[in-house]
Amino acid sequence: MTTLKIHRPADGTLIEEIVAHDAAHVDAVAQRLRTAQVEWVRIGAKGRAAWIKRYRKWLFDNATRLIEIAMEEGGRVRNEPTLETTLIPEIIDYYLRVTPALLEPRPVRGSSPLTFGKRYTVHRSAFPLVGVIGAWNFPLLLTLGDAIPALLAGSAVALKPSEVNPRVVIEAVRGWREDIGAPPVLDVLLGGGEVGSALVDAADYIQFTGSVATGRRVAVRAAENLIPVSLELGGKDPLIVLAGADIARAANCAVYGGFANNGQVCMGFERVYVHESVYDEFVDRVVTKVRQLRSGVDDHSDVGALIHPPQLQIVDRQVRDAVDKGARILTGGNRIDRPGNWFEPTVLVDVDHSMAVMREETFGPVLPIVRVADADEAIRLANDSEFGLSASVFAATVAEGKRVADRLDTGAVSIDDFVANMVCADVPQGGWKKSGVGSRLSETGLLKFTHTKVVAANWIPTLDNDVFWFPYTPARRAVFGAAARLIQGRGSGRFGL
Ligand code: NDP
């Protein structure tokens, strides 16, 4: 029997040991979910919405407990899981509003003469079983945030949270099943990569959030199984600060975007490019503010612990590599000498793209800042990355910010802000390059959990044998050939058509 040992990142002590599942259990759960999904489809969009509304109430009533579980097992300060329990109801409300229209069969009138006499309807059917493989940085948002649209679409959902902090997801699923007594179309699978991998084999659609390496493995496995996937694989998001920008706001935003959730945010700032005319003022303000950040997990703290020792090692390695290659540490730069996974909030300058801290995802409390000569250099460097998730721009005017945004190779750009797109469920969120494939939220965040079925019917009386069906006699071929020539030739100036 394998167990998951869940530790407090803040001091390294054990919270609890949880029995892990195996591949046979994954198959059994998948089978149960598929069976329950038949009835879930039958109750229709209204019936499903009624359960999701009840769940929304449960999430509100139980937010404090969920937040405290997430704080303890994630080493996080209260504000960060509070963001999750705030965004999830917004996602629910958005999908409750748009789902009925999205799932309504859509009549289509064909535009080709070949469709004469026919009517088409595009129907949407949910994939029976959606697997959601989540990451540890926002455990609720990165599981429920995708499960909600999948459930509303009519799928059953198996959640596979990270093995390092699955307790908050276990509690969220318990609430669905036990407290509100909802249909058994939502379940949780516990374990590491082997359980995630078994889920990829069992599901009809996989929504994955995590690293590029694991995302690639998931995509390969999904390709072998010929099932669709959506992958959110992190980023190396740049912040650009240009002359004439509001430097006080830009600096405050840089510190928030770089150190929120201890830097363990896929869209967190991991590179900052600042115009030389405002560089000194910007750096001074950032360093002053970062020195004031309080590391801890009580309600007087700003920056929590790193999730687990491997993450601490990544951060430490990248900072050492940068310093070895000539970077200067303006504040921080070291592990904090106390039990748990602690690293000082760190600001680096004199960095360049030969350093791991400028190329690899850091996912920690490190903000490297680069001086640039102009907007062109900032844009060139911002685009010099294998990632393309999101970015922010502070410029003299919104119009200038938009011009810069046009030239950035990312899935989203916030002007004078940090991840402004994330609070809007109406717009898609996703990256390109190695930041992923597909997107979540917006209409596509639900439609991707469905496949289409087109129903075509004749609305005028039909012959007992169409002219281009068998037999291929010369007379029938002549009629069909003449009609085909007329259709092909239209618009070409032939036949006066
Ligand atoms: P992983 O990509 O390994 O894990 C993400 C999820 O995938 C977890 O639930 C994990 O389970 C699961 N998983 C692992 N192996 C497989 C597999 N073969 N098939 C299916 N699922 C699998 O991320 P890590 O936790 O190892 O973090 C590594 C790096 O990834 C971080 O340093 C950070 O750079 C990046 N990251 C990016 C995130 C983002 O928001 N895009 C979120 C988290 C990390 P388990 O945890 O149990 O192994």
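Residues numbered from 1 in each chain as written. Predicted model: local features only at pLDDT ≥ 70, side-chain atom pairs only at ≥ 80, totals over all residues. Heavy atoms only, no water.

Turning next to the layout of surface pockets. Space inside the largest pocket adds up to approximately 1,000 Å³. Every residue lining the largest pocket is counted, 41 residues in all, and those nearest its centre are Trp136, Phe208, Gly210, Ser211 and Thr214. Elements with a contribution of two residues or more to the lining of the largest pocket: helix 7 (193-202), strand 8 (205-209), helix 8 (212-225) and helix 11 (309-324). Tallied by class, the residues present in the lining of the largest pocket amount to 15 nonpolar, 16 polar and 10 charged. In terms of domain composition, the lining of the largest pocket takes at least three residues from each of domain 1 (3-233 + 442-451) and domain 2 (237-424). Taken as a whole, the second largest pocket holds about 590 Å³ of empty space. (1 Å grid on protein atoms, 1.4 Å probe; cavity = no way out; pocket = protein on both sides within 12 Å on 5 of 7 lines; lining within 4 Å. Points joined across faces, edges and corners; volume = space filled by probe spheres on them. Helix = DSSP H or I, 4+ residues; strand = E, 2+ residues; numbered from the N terminus. Nonpolar A, V, L, I, M, F, W, Y, C, P; charged D, E, K, R; others polar. Domains from an automatic or database assignment.)

Moving on to the side chain of glutamine 264. With respect to the helices and strands, glutamine 264 occurs in the loop between helix 9 (247-259) and strand 11 (269-275). When its relative accessible area of 3% is taken as the criterion, glutamine 264 is described as buried. For glutamine 264, the side chain forms a polar contact with the main-chain nitrogen of isoleucine 307, separated by 3.0 Å. (Buried < 20%, exposed > 50% of the residue type's maximum accessible area, 1.4 Å probe, protein only. Polar contact = N/O pair within 3.5 Å; in protein donor to acceptor, adjacent residues only side chain to side chain.)

Further remarks concern the nonpolar core. When a protein is soluble and globular, its nonpolar side chains tend to lie buried together. Ranked by internal contacts, the top residues of the largest apolar core, which has 123 residues, are Trp176, Val241, Phe282, Val286 and Ile369. A per-element tally of this core places helix 4 (residues 79-103) first, with 10 residues. Built from parts of two domains, this core gets at least three residues from each of domain 1 (3-233 + 442-451) and domain 2 (237-424). With 27 residues, the next largest nonpolar core counts Leu306, Val351, Met358 and Val372 among its residues. (Core = buried A, V, L, I, M, F, W, Y, C linked by side-chain atoms within 4.5 Å.)

Whether parallel or antiparallel, the strands of a sheet pair through hydrogen bonds between backbone atoms. Strand order in this open sheet of 6 strands is 7-6-5-8-9-19, and the pairing throughout is mixed. Each of the sheet's edge strands pairs with one partner strand only, and the pair in question is strand 7 (186-188) and strand 19 (436-437). The sheet contact formed by strand 5 (residues 129-133) and strand 6 (residues 156-160) spans 5 bridges and is parallel. Each bridged residue has a counterpart across the sheet, and for leucine 129 the counterpart in strand 6 is alanine 156. Together, strand 6 and strand 7 form the strand contacts of helix 6 (residues 167-179), whose direction differs from that of strand 7 by roughly 150°. (Pairing = 2+ DSSP bridges. Contact = heavy atoms within 4.5 Å. Axes fitted to C-alpha atoms, helices over the stretch in contact; angles between N-to-C directions.)

This part takes up the sheet that holds strand 12 (residues 328-331). One open sheet accounts for 7 strands, arranged 12-13-14-11-10-16-17; its pairing is mixed. The sheet is open, and its two edges are formed by strand 12 and strand 17 (412-415), each paired on a single side. Each neighbouring strand pair of the sheet contributes to a mean axis angle of 25°, computed without reference to strand direction. Contacts from helix 11 reach strand 12, strand 13 (346-349) and strand 14 (366-372) within the one sheet, and its direction differs from that of strand 12 by about 120°.

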